[in-house]
Each structure stands twice: as C-alpha cells, then as structure tokens.
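Given next are the chains, with one letter for each unit.
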Amino acid sequence: MEATILSVAKLAGVAPSTVSHYIEHSAPVSPGTAQNAERAIAALSYRVNLGARSLRLRTTHSVGFVIPNIGGKAVELLLQRINEKERFANKAPSNVINSPLHVRGSTAAPAEGR
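Described below are features of the structure shown in this document. (Residues numbered from 1 in each chain as written. Predicted model: local features only at pLDDT ≥ 70, side-chain atom pairs only at ≥ 80, totals over all residues. Heavy atoms only, no water.)

Description of the environment of Val8
Right, on to step 1. The residue Val8 is located in helix H1 (residues 5-12) in this model.
Right, on to step 2. Its relative accessible area of 0% is what places Val8 among the buried residues.
Right, on to step 3. Separated by 31 residues in sequence, Val8 and Arg39 have C-alpha atoms that sit 9.0 Å apart.
Right, on to step 4. The contacts of Val8, once residues within four sequence positions are left out, are Val19, Ala37, Ala40, Ile41, Leu44 and Tyr46. (Helix = DSSP H or I, 4+ residues; strand = E, 2+ residues; numbered from the N terminus. Buried < 20%, exposed > 50% of the residue type's maximum accessible area, 1.4 Å probe, protein only. Contact = heavy atoms within 4.5 Å.)

Okay, structure coming up:
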C-alpha cells in the first residue's frame with residue numbers, strides 16, 4: 001500500500017498539515033518535529049502524489065503541444081529546450097507531454113518510438 005501524508009503524520013505523531021508544512025517549507029516547523037516527519041517519510045518511503053497536489057493547487061505545471069508531425073530533430077530539440085526552461089523557471093519538476101497526432105487526410109506516418 002502506498003504511503004499517504006496521513007500515514008506519515010500518524011507515524012510522526014503530528015497533524016497532516018504539519019507534515020505538509022515540513023515538505024513544502026510553507027511554515028516553520030520545530031527541529032524535533034522536522035526530524036520526526038523526516039524519519040516517518042523515510043520509514044514509509046513516502047513520495048508526494050503529484051496528481052493529488054495538482055488537484056489541490058489547481059495547477060499541473062505541465063505544458064502540452066499538439067503538433068501534426070512530431071518527427072524531426074528540430075521539434076525534438078524545441079521540446080527538450082522548453083522542458084529545460086520550464087524546469088529552471090519553476091525550480092520544480094515539470095512535464096512536457098508530447099504525442100504523435102494523426103491529422104485526417106495526412107499521409108505522414110507517426111514518428112516511431114514515441
């Protein structure tokens with residue numbers, strides 16, 4: 001079973017909001033509480049659920065592109081560069097999602113390996 005912020009809080013003996021404050025650095029947490037939260041996180045192998053975070057914050061930090069023919073080095077380099085810039089600007093993981101798109105009437109085949 002995947003660890004949740006509730007299970008981390010229970011093991012650490014603190015409120016879920018305290019664990020959230022510790023993870024997000026959004027409010028001061030005493031050194032003892034921080035140590036308890038860190039131990040619980042490690043013991044449970046807790047990882048932030050990015051889907052839940054996106055729902056809560058109402059933002060995904062994702063950039064999507066619809067490109068008819070994703071093949072070609074230029075498009076690949078462009079998407080790679082955008083991903084690097086987004087990651088630097090947000091100082092957090094970001095997602096650049098790309099997928100081949102079949103356009104009705106197009107004779108171009110989707111790029112392989114995507």
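After that view, the rundown keeps rolling.
Some details on the nonpolar core
Right, on to step 1. Ala3, Val8, Ala9, Ala12, Val14, Val19, Ala40, Ile41 and Tyr46 form the largest nonpolar core, which has nine residues in total.
Right, on to step 2. Among the secondary structure elements, those contributing two or more residues to this core are H1 and helix H3 (31-44).
Right, on to step 3. A per-element tally of this core places H1 first, with three residues.
Right, on to step 4. When sequence neighbours within four positions are dropped, the list of residues in contact with Ala9 reads Val14, Ala15, Pro16 and Val19. (Core = buried A, V, L, I, M, F, W, Y, C linked by side-chain atoms within 4.5 Å.)

Focus: unusual backbone geometry
Right, on to step 1. Located in the positive-phi region is His25, a residue other than glycine, with phi close to 55°.
Right, on to step 2. Taking relative accessible area as the criterion, His25 reaches 70% and is therefore assigned exposed.
Right, on to step 3. Of note in this structure, Ser45 is not a glycine but carries a positive phi near 55°.
Right, on to step 4. Relative to the helices and strands, Ser45 resides in the loop between H3 and helix H4 (50-57).

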